[in-house]
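# Close look at the chain arrangement
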Amino acid sequence: MNELSDLVHLVRAFRDAREWGQFHTPRQLAAALAIEAAELQEVLLWRTDAEVEVALGEGAPVRERLAEELGDVLIYAFLLADRLGLEPAAVVRRKLALNEVKYPVDKARGRATKHDALSAE
Ligand SMILES: [Mg+2]
């Protein structure tokens, strides 16, 4: 067991103790994940980047709210991966490998350009 699989086990135990697995279809979990990601964005809505930096001071309420919403996002991501029979660490490793191909360092370094525009160069 590694720390990530320990977390998945904790999330699964939380769900199972409440018998919520019956509601956790892939469609519902994908929606919940997107909604929690939107709640994460809501914390920062209408603030400039500079205002956000100020608000992120140690112990600031904004930082706490972001941490809570990020926790929700991660929990639903773990639940969705679990429901799909996917191991989160393997999913991340595989996607990073794919992104290595899509975003080669020599073309992508320091640039916020989507992969299809990079490959057209
Ligand atoms: Mg939330």
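Residues numbered from 1 in each chain as written. Predicted model: local features only at pLDDT ≥ 70, side-chain atom pairs only at ≥ 80, totals over all residues. Heavy atoms only, no water.

Before going further, it helps to examine the coordination of the magnesium ion. For the magnesium ion, the full set of protein donor atoms is E36 (OE), E39 (OE), E69 (OE) and D72 (OD), at a range of 2.1 to 2.3 Å. Between consecutive donors of the magnesium ion, the numbers of intervening residues give the motif E-x2-E-x29-E-x2-D. Residue E36 is located in helix 2 (residues 26–44), and its partner E69 is located in helix 4 (residues 61–83); the two are separated by 33 residues in the primary sequence. E69 matches E36 in its accessibility class, with the two residues each being buried. (Donors = N, O, S within 2.8 Å, 3.2 Å for Na, K, Ca; no water. Helix = DSSP H or I, 4+ residues; strand = E, 2+ residues; numbered from the N terminus. Buried < 20%, exposed > 50% of the residue type's maximum accessible area, 1.4 Å probe, protein only.)

The biggest cluster of nonpolar side chains holds six residues, and these are V8, V11, L29, F78, L79 and L80. Within the residue set of this core, elements represented by two or more residues are helix 1 (3–17) and helix 4. Considering every element that reaches this core, the biggest residue donor is helix 4, with three residues. Setting aside residues no more than four positions away along its own chain, V8 makes contact with F78, D82 and P88. (Core = buried A, V, L, I, M, F, W, Y, C linked by side-chain atoms within 4.5 Å. Contact = heavy atoms within 4.5 Å.)

With that settled, the discussion passes to a nonpolar patch on the surface. A cluster of nonpolar side chains, namely F14, W20 and F23, defines an oily patch on the protein surface of about 320 Å² accessible area. Given a relative accessible area of 43%, F14 falls into the partly exposed group. (Patch = residues over 30% accessible without salt bridge, like charges linked within 9 Å, V, L, I, M, F, W, Y side chains within 5 Å. Areas by Shrake-Rupley, 256 points an atom, 1.4 Å probe, with all protein chains shown as cover. Salt bridge = Lys/Arg side-chain N within 4 Å of Asp/Glu carboxyl O.)

Here we take up unusual backbone geometry. Although it is not a glycine, E19 adopts a positive phi angle of roughly 55°. Turning to its location among the elements, E19 is positioned in the loop between helix 1 and helix 2. Under the relative-accessibility criterion, E19 is labelled exposed at 60%. Even without a glycine there, the phi angle at W46 is positive, about 75°. Relative to the helices and strands, W46 resides in the loop between helix 2 and helix 3 (49–55).

Tallied over the entire structure, the rule returns three salt bridges. Note that R12 is salt-bridged to D82, the shortest N-O span being 2.6 Å. With R12 in helix 1 and D82 in helix 4, this pair connects stretches of sequence that are 70 residues apart. When its relative accessible area of 23% is taken as the criterion, D82 is described as partly exposed.

The geometry of two aromatic rings is summed up by the distance between their centres and the angle between their planes. This structure, assessed with the given rule, holds one aromatic pair. Judged by centre distance (5.8 Å) and plane angle (70°), the rings of F14 and W20 are edge-to-face. We classify W20 as partly exposed; its relative accessible area is 36%. Sitting over the face of the ring of F14, R18 holds its NZ or CZ atom 3.6 Å from the ring centroid. A cation over a ring is seen here: R18 above W20, with NZ or CZ 5.9 Å from the ring centre. (Phe/Tyr/Trp six-rings, centres within 6.5 Å; stacked < 30°, edge-to-face > 60°. Lys NZ or Arg CZ within 6 Å of the ring centre and 35° of its normal.)

With that settled, the discussion passes to the side chain of E36. Of the side chains with opposite charge, R65 lies nearest to the buried E36, which makes no salt bridge, at 11 Å. E36 has contacts with E69, D72, V73 and Y76, leaving out every residue within four places of it along the chain. (Lys, Arg positive; Asp, Glu negative; His and termini not counted.)

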